[in-house]
Amino acid sequence: MGLFRRKAPPVEGKNKRFRIELGWRGMFGLVVVCFCLFLWMFLLGIWAGQTILLPPRTNAEPISGSSKQPPVKTVEENDMSRQQQRTSAP
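Residues numbered from 1 in each chain as written. Predicted model: local features only at pLDDT ≥ 70, side-chain atom pairs only at ≥ 80, totals over all residues. Heavy atoms only, no water.

Student: When you look at the overall build of the chain in this model, what are you seeing that I'm missing?
Tutor: Across its full length, the chain carries two helices and zero strands. In the chain, buried positions account for 0% of the 90 residues. In the structure as shown, the chain presents an accessible area of about 10,400 Å², 63% of it carried by carbon and sulfur atoms. (Helix = DSSP H or I, 4+ residues; strand = E, 2+ residues; numbered from the N terminus. Buried < 20%, exposed > 50% of the residue type's maximum accessible area, 1.4 Å probe, protein only. Areas by Shrake-Rupley, 256 points an atom, 1.4 Å probe, with all protein chains shown as cover.)

Below, the structure written as structure tokens:
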């Protein structure tokens, strides 16, 4: 089995064991892929942080008898109640 055999130490003056060469297109492709990965991880981190730190939103209305303050009226409801008071007053 050749996997467990010791190899001879490299002799000075010989080329390195391996060599990576990239052209300009390869470098550009590598930069684009790394940028996309970092952007994806950034967005995923923001989504996870928002999900973990903020409580879920609920649209349930409180029970009418349990709240201490009366419900807030809108501007339209206030205008309608003023008109009703004016018409009912003699």
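Student: I keep staring at the pattern of salt bridges and nothing clicks. Help me out?
Tutor: Note on pairing: side chains with opposite charge can pair once their charged atoms come close. One pass over the full model with this rule turns up one salt bridge. With its nearest N and O atoms 3.2 Å apart, the salt bridge here joins Arg19 to Glu21. Each member of the pair, Arg19 as well as Glu21, is classed as exposed. (Salt bridge = Lys/Arg side-chain N within 4 Å of Asp/Glu carboxyl O.)

Student: Which parts of the structure should I look at to understand a nonpolar patch on the surface?
Tutor: A grouping of Phe18, Ile20, Leu22, Met27 and Leu30 is seen on the molecular surface, where their side chains present a nonpolar patch of about 560 Å² in accessible area. Looking at the secondary structure, you find Leu22 in the segment before helix H1 (24-53). (Patch = residues over 30% accessible without salt bridge, like charges linked within 9 Å, V, L, I, M, F, W, Y side chains within 5 Å.)

Student: Help me understand the state of the cysteines, please; the structure alone is not making it clear to me.
Tutor: Going through the model one piece at a time under the given rule, you end up with zero disulfides. Lacking any disulfide linkage, Cys34 is separated from the closest cysteine sulfur, that of Cys36, by 9.4 Å. Given a relative accessible area of 44%, Cys36 falls into the partly exposed group. (Disulfide = S-S within 2.5 Å.)

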